[in-house]
Structures are given as C-alpha cells and as structure tokens.
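Each chain, written out:
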Amino acid sequence: MDRLNQVLRRVPVWWVYVVGLLPAGLVAWQAAGAIDPVKAVEWGTGLWAVRLLIATLFVTPLRWAGLNLLRFRRQLGLVAFAYVVLHFASWLTIDMGLRWSQILPDLVKRWYIVVGMAAFLMLLPLALTSNNASIRRLGAQRWNRLHRLAYPATVLAVVHFMMVGKVYTAEVLTYAAILAALLVARVWRNGPRSLVWA
Ligand code: HEM
C-alpha cells in the first residue's frame, strides 16, 4: 500500500477533472444512440452523480485501510457536483424546456423532485466552500462540520434515485447498500455525531 501511496502522491490532482470528464462523453455518446436522448442524458448524469458522490465518501474509509486519496477528495467532490448540476440543468432545459409555469409547481408537487432538490441545495454550499480561502475564513472545525452535509445529501440523492423508479432494481439497491455500509462503518468508528452538524 505504501508503494501505491507513493505513486499517487506524484499524480497531479487535476487528473481527477480529466478522468471525470470521461463519463460525460459516455453519457453524450449513449444519448446520441438512444430512442429517448433526453431521458438518456437525465438518467446518465443522475447515475454518475450518485456514483461519484458515493466515491467521494469512500475517501475516508479507504484512508482507514491505508490508501491515501485525500489529495483528490476536493476535485472528486467537485466533479460529482458538476454531474448534479448537469443533471438539474438537463431537467430544466431539454426536459422541461424552461417552461417555468410547469417547473415551479413540479418543484413542490413531485416528491422525488423535492428530495432531489433538497440534496442539490445541501451540496451547493459544499461546492461553494471547496477552496482554501473558505477553509481559512470558516476555520477548519466549522468547515469540517459544514462538509458533513455530504452524508445527508448523498442519502437524499440515493432516496431520490429509489423514488424515481417504480421498482427497486438491483442497481439502486446496490447503491443503497453500499451507502448504508459506509454510514455504519463511520458511526462504528467515530460515533453518530460524526454524521451530523454537532
Ligand atoms: C444530488 C442531486 C441528485 C442526484 C444525485 C440525482 C440522481 C438521479 C438518478 C440516479 C436518477 C435515476 C437515473 C436512472 O433511472 O437511471 C435521477 C432521475 C431523475 N432526476 Fe435526479 N438527482 C438529483 C437531483 C435532482 C434534481 C434537483 C432534479 C430536478 C429538480 C432531478 C430530477 C430528476 C428527474 C426528472 C429524473 C428522471 C425521472 C424519470 O425517469 O422520468 N434530480 N436522478
């Protein structure tokens, strides 16, 4: 593991952005060949947002196991948020055609949209404060507390995913199980307060 950590220390962090662009290319390519390209973009960006949010939460338990990816966590979280923004933007534009008379009622009427929106609004302050100036301004302790919002936000994201489908597929249950295992591991190691603003 030490050898791997040494190699990783030499990898520039901006590589996360380069690799993070690849799923966007895949989603565009799949949408181009899809019967319903709008849904393909909406589902593809949503799916990658969930995957990358969970991957970001994996950085800490992997460190407990000896693999240090901490240097890449900020970039990974920002790439995850970029997919959330693309997902939200695709709903607003290509799906709803910016028809605000339809969008605004949907934001409060459809429960899966309310839950998705709550996840988005929780992630927004995290993305905005993912810089060194914010860490200095807030202080490390307050900044860390704020960034624990990543846990409830990811839970809401997975709940949103579960609410979208009419049946629970193996895929959505797998993400829910991985997230549950991650939360249990964190509570087991650091106590329940490690998941909340406390
Ligand atoms: C953290 C935020 C979010 C995440 C991670 C997320 C993720 C997902 C996922 C994984 C899917 C299902 C993809 C599939 O079935 O393969 C989905 C579907 C969808 N999401 Fe989100 N979402 C988020 C926020 C939002 C927001 C803010 C909105 C709109 C305000 C939204 C609107 C939708 C819509 C319209 C669908 C498709 C429903 C359908 O099948 O017709 N999502 N989302």
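These remarks concern the structure in this document. Since this is a predicted model, take the numbers as computed values, not measurements.

1. A few points about the environment of Val-108
Logical step 1: Checked against the element boundaries, Val-108 lands in helix α6 (residues 100-109).
Logical step 2: The exposed category is assigned to Val-108, around which 10 C-beta atoms lie within 10 Å.
Logical step 3: Here the alpha-carbon distance between Val-108 and Arg-136, two residues 28 residues apart in the chain, equals 37 Å.

2. Some thoughts on the site of the ligand
Logical step 1: Contacts to the ligand come from 21 residues, most closely from Trp-43, Gly-46, Gly-116, Ala-119 and Ala-157.
Logical step 2: Every element with two or more residues in the shell around the ligand is listed here: α3 (37-57), α5 (73-95), α7 (111-128) and α10 (150-164).
Logical step 3: Here the shell around the ligand is built from residues that sort into 15 nonpolar, five polar and one charged.

3. Topic: the nonpolar core
Logical step 1: Membership of the largest hydrophobic core comes to 27 residues, with the highest contact counts inside it found for Ala-49, Leu-52, Leu-53, Ala-80, Tyr-83 and Ala-157.
Logical step 2: Elements with a contribution of two residues or more to this core: α2 (15-32), α3, α5, α7 and α10.
Logical step 3: No other element matches the seven residues that α3 contributes to this core.
Logical step 4: Those residues in contact with Leu-53 that sit more than four places away from it in its chain are Ala-80, Thr-154 and Ala-157.

Criteria and thresholds
Residues numbered from 1 in each chain as written. Predicted model: local features only at pLDDT ≥ 70, side-chain atom pairs only at ≥ 80, totals over all residues. Helix = DSSP H or I, 4+ residues; strand = E, 2+ residues; numbered from the N terminus. Buried ≥ 20, exposed ≤ 12 C-beta atoms within 10 Å, placed from the backbone. Near = placed C-beta within 6 Å. Nonpolar A, V, L, I, M, F, W, Y, C, P; charged D, E, K, R; others polar. Core = buried A, V, L, I, M, F, W, Y, C linked by C-beta atoms within 7 Å. Contact = placed C-beta atoms within 7 Å.

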